[in-house]
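Observations on the model geometry
Here are the chains, one letter per residue:
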Amino acid sequence: MEYTLQQQQAIQEQDEALKQLLQFYDEGHREMVIAGVAGTGKTQLTLKVKDALTYKIHQEDMFYSVKAGGAATAHIAKNILRERVRNLFPCYTIASLLNLTKHYSKTGEVSFKPSKLAWCTSPITSLDIIIIDEASQISKSVRQMINDYRRHDSVVIYLGDWHQTTPVEDGEQDSIVFTLPMVKLVTPFRYEGDIKVLASAVANKIDEVPLTNDLSFLREFILHSGKDYLFVKDENVFLSKY
């Protein structure tokens, strides 16, 4: 398979990011972040990290069966993650990963709280490698529960885009996970042309980007950017934030 120059750059970027993530692991870090907008290869890099960590663990105990699992905040995101990792490991919602139960207040507000035996019955307790998608929506309290329930030697890999929606309970603050050891992917792998321009703009916080008349490709990026944009049909007009 022949790769374009852009794809070659993306592959090199992923190789460098993989080395950095493994260095984090060797330094004793057990939480790390792969950040980047859609199309930059976060999931692909995650699978490479999973395989590399599995190899490292097998070097210590070749008979040990390494277990990986993924999770996201909502069912739709969980299903998308499962498709992207090609069903190589089970994927959960955060609530099911932590064995949380739904509670309703007198005013009808919904919240999730740990069950009485969540610390020993949650799926997360059996996992060696834990992959959390939609990292921008992980609040301080959810991250704390993840760390409380997981085994101390397990590895948590957060995937996300720091431009996405912030956790509701943390207000306007970015998710706390973006303060962890992190690699950033900025070169789009899946896309060419205008969508590459838009991806680079979102990644670099550029607020105005010239576009062509074909705007259908914008949908995924707009949904993942966490920004409000004005759609225009004239390629001579700029796409601007409200």
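**Re the overall build of the chain**
- Along the chain, the regular secondary structure elements total eight helices and 10 strands.
- Taken over 242 residues, the chain has a buried fraction of 48%.
- Only carbon and sulfur atoms are counted for the fraction: they give 52% of the accessible area of the chain, which is about 13200 Å².

**Observations regarding the packing of aromatic side chains**
- Across all of its chains, the model carries zero aromatic pairs by this definition.
- Positioned above the aromatic ring of Tyr-25 is the side chain of Arg-30, whose terminal nitrogen or guanidinium carbon lies 3.9 Å from the ring centre.

**A closer look at helix α6 (residues 140–149)**
- When we look at burial in α6, the residues that qualify are Val-142, Arg-143, Met-145, Ile-146 and Tyr-149. Seen from one end, α6 has its buried residues packed into an arc of 160 degrees, which puts them on one side.

**Considerations on the pattern of salt bridges**
- Per the stated rule, a full pass over the model turns up five salt bridges.
- Its salt-bridge partner being Lys-56, residue Asp-26 comes within 3.0 Å of it at the nearest N-O pair. With a gap of 30 residues between them, Asp-26 in helix α1 (residues 5–26) and Lys-56 in helix α2 (residues 42–60) connect regions that are remote in the sequence.
- For Asp-26, a relative accessible area of 53% translates into the label exposed.
- Arg-151 is the salt-bridge partner of Asp-128, the closest N and O atoms lying 2.4 Å from each other. Here Asp-128, found in the loop between α5 (118–121) and β6 (129–132), pairs with Arg-151, found in the loop between α6 and β7 (155–160); they are 23 residues apart in sequence, far enough to count as distant.
- Judged by relative accessible area, which is 5%, Asp-128 ranks as buried.

**Considering the confidence of the model for the chain**
- Across the chain, the average pLDDT comes to 79, with 70% of residues at or above 70.
- When pLDDT is averaged over each helix and strand of the chain, the minimum, 41, is found for strand β10 (residues 238–239) and the maximum, 98, for β6.
- Within the model, pLDDT remains below 50 along residues 206–214, and this stretch shows 22 contacts once partners closer than five positions in the same chain are excluded.
- Across residues 227–242, where pLDDT falls below 50, the model places 40 contacts with residues more than four positions away in sequence or in other chains.

**With respect to the sheet that holds strand β2 (residues 68–72)**
- Here six strands make up an open sheet; going across it, the order is β3-β2-β6-β7-β1-β8 and the pairing parallel. Sheet topology places β3 (91–93) and β8 (182–185) at the edges, where each strand pairs with a single neighbour. Pairs of neighbouring strands in the sheet enclose a mean axial angle of 20 degrees, with direction left out of account.
- As judged from the five bridges shared by strand β1 (residues 31–36) and β7, these two strands associate in the parallel manner. Paired with Glu-31 across the bridge in β7 is Val-156.
- Packing of α1 onto the sheet brings it into contact with β1, β7 and β8, and relative to β8 it is tilted by some 170 degrees.
- The sheet contacts of α2 involve β1, β2, β6, β7 and β8, and relative to β7 the element is tilted by about 170 degrees.

**What about unusual backbone geometry?**
- Here the phi dihedral of Asn-87 falls at roughly 55 degrees; this positive angle occurs in a residue that is not glycine.
- Looking at the secondary structure, you find Asn-87 in the loop between α3 (75–84) and β3.
- Despite not being glycine, Glu-134 has its phi angle at roughly 55 degrees, a positive value.
- Of the residues examined, Glu-134 reaches a relative accessible area of 16% and is grouped as buried.

Criteria and thresholds
Residues numbered from 1 in each chain as written. Predicted model: local features only at pLDDT ≥ 70, side-chain atom pairs only at ≥ 80, totals over all residues. Heavy atoms only, no water. Helix = DSSP H or I, 4+ residues; strand = E, 2+ residues; numbered from the N terminus. Buried < 20%, exposed > 50% of the residue type's maximum accessible area, 1.4 Å probe, protein only. Areas by Shrake-Rupley, 256 points an atom, 1.4 Å probe, with all protein chains shown as cover. Phe/Tyr/Trp six-rings, centres within 6.5 Å; stacked < 30°, edge-to-face > 60°. Lys NZ or Arg CZ within 6 Å of the ring centre and 35° of its normal. Arc of directions from axis to C-beta. Salt bridge = Lys/Arg side-chain N within 4 Å of Asp/Glu carboxyl O. pLDDT = per-residue confidence, 0-100. Contact = heavy atoms within 4.5 Å. Pairing = 2+ DSSP bridges. Axes fitted to C-alpha atoms, helices over the stretch in contact; angles between N-to-C directions.

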